[in-house]
Amino acid sequence: MSWTYAGLARFLPADQPIYGLQSPALTEPDYRPVTAAEIVRRYVTEIKAVQPEGPYRLLGWSVGGVLAHSVAIELQAGRDRVDLLAILDSARDVDIADFHAEIGNGFEALGIALPAEQDLAELDETALATLGEALTWDSAVLTAERIGGIYRGALRTVEIATAAEPGVFDGRVDYFRATIPDPNGRGHGGAPAWEPHVSGVIEVHPIASTHRAMTTHEPLAELGPLLAALLEGKE
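The following paragraphs examine the structure supplied in this document. (Residues numbered from 1 in each chain as written. Predicted model: local features only at pLDDT ≥ 70, side-chain atom pairs only at ≥ 80, totals over all residues. Heavy atoms only, no water.)

### Structural notes on the pattern of salt bridges
Scanning all chains against the criterion turns up four salt bridges. A salt bridge links lysine 48 to aspartate 80, with the shortest nitrogen-to-oxygen separation between them at 2.7 Å. Note that lysine 48 is positioned in helix α1 (residues 36-50) and aspartate 80 in the loop between α2 (63-77) and β2 (82-88), a separation of 32 residues in sequence. Between arginine 172 and aspartate 174 there is a salt bridge whose closest N-O contact spans 2.6 Å. Given the relative accessible area of 37%, arginine 172 is considered partly exposed. (Salt bridge = Lys/Arg side-chain N within 4 Å of Asp/Glu carboxyl O. Helix = DSSP H or I, 4+ residues; strand = E, 2+ residues; numbered from the N terminus. Buried < 20%, exposed > 50% of the residue type's maximum accessible area, 1.4 Å probe, protein only.)

This is the structure:
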């Protein structure tokens, strides 16, 4: 959900637009991508509908960073220039089992007890309704069925994107690393895990935040000016 990046606007020049790529699952509840390449091609098409030619400046947080990296490679394959690739604490070495456990923990925090053998792609209406209430969605607009479609599409996107073997981005990557461990204690390889997939320098920018909080107010107050300086250097 790209509105998490809206907080960056206050740090960027007034003439610097921010375009967010939403998961197609938000508007197409039956969206079920088959491959990571399918997702990437869809995003490149959306980008080029707004800006047909480069240079492009891309940023993504968490799985969004994984997708931004793949989109940058696809753009370069089409001979487009990518001037900035910023990755916000994205993991390249995600364990899908850990990811599923995190989803289970999230539901537990919402008061939804899921059986250990629960298929996360097939939640009952009670769980979906509770999820909708927690996210303050309008139940008159987004029914449990529609929320279920959105959830399953988003879950499928994350599973595919993180499991795919990435290519190599030709250039520098600016990696914003969360320095505060998440409460669950799980970490990831951070910037070093990206080294085989980047031909240039990976510049690491430590941010006093957990991974989950990277796009909240205080971390953005640290991250935003750094990003603005990077963008200014690309003018």
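### Some details on helix α6 (residues 217-232)
In this model, α6 (16 residues) spans 22 Å end to end at C-alpha, consistent with the 22 Å of a helix rising 1.5 Å per residue. At leucine 223, α6 is deflected by roughly 30°, the largest bend along its length, and proline proline 225 occurs up to four residues later in sequence. Taken together, the buried positions of α6 are occupied by Pro219, Leu220, Leu223, Gly224, Leu227, Ala228, Leu230 and Leu231. Buried residues along α6 sit against β1 (56-61), β2, β3 (173-178) and β4 (202-207). (Expected span 1.5 Å × (residues − 1). Bend = angle between axes of the 7 residues up to and from the residue. Contact = heavy atoms within 4.5 Å.)

### Regarding unusual backbone geometry
Between glycine 54 and proline 55 the backbone carries a cis peptide bond, its omega angle lying at 5°. Locating proline 55 in the fold gives a position in the loop between α1 and β1. Backbone geometry at arginine 79 places phi at a positive 65°, although glycine is not the residue there. Examined against the element boundaries, arginine 79 turns out to sit in the loop between α2 and β2. Take arginine 79: its relative accessible area is 81%, and that puts it in the exposed class. The phi angle at aspartate 89 is positive, at roughly 55°, despite the residue not being glycine. Relative to the elements of secondary structure, aspartate 89 occurs in the loop between β2 and α3 (96-109). A residue is classified by how much of its surface remains accessible, and aspartate 89, at 4% relative accessible area, is buried.

### Overview of the sheet that holds β2
What links the strands of a sheet is backbone hydrogen bonding, and the strands pair in either a parallel or an antiparallel sense. Strand order across the open sheet formed by four strands is β1-β2-β3-β4, with parallel pairing between neighbours. Two strands bound the open sheet, and with one partner strand each, they are β1 and β4. This sheet shows a mean twist of 15° between the axes of neighbouring strands, independent of strand direction. By the bridge criterion, three bridges tie β2 to β3 in an arrangement that is parallel. Along β3, the bridge assignment pairs isoleucine 87 with tyrosine 175. (Pairing = 2+ DSSP bridges. Axes fitted to C-alpha atoms, helices over the stretch in contact; angles between N-to-C directions.)

### So, the side chain of serine 90
Secondary-structure assignment places serine 90 in the loop between β2 and α3. Its relative accessible area of 0% is what places serine 90 among the buried residues. Polar side-chain contacts of serine 90 include one of 3.5 Å to the backbone nitrogen of glycine 65. (Polar contact = N/O pair within 3.5 Å; in protein donor to acceptor, adjacent residues only side chain to side chain.)

### Quick look at the packing of α1 against α2
Packing of α1 against α2 brings their axes to within 9 Å, and their N-to-C directions diverge by 70°. In terms of orientation, α1 lies roughly perpendicular with respect to α2. Two secondary-structure elements touch here, α1 through Ile39, Val40, Arg41, Tyr43, Val44, Ile47 and Lys48 and α2 through Leu67, Ser70, Val71, Glu74 and Leu75. A class-by-class count of the residues in the contact of α1 with α2 yields eight nonpolar, one polar and three charged. (Parallel < 35°, antiparallel > 145°, perpendicular 65-115°, else oblique. Nonpolar A, V, L, I, M, F, W, Y, C, P; charged D, E, K, R; others polar.)

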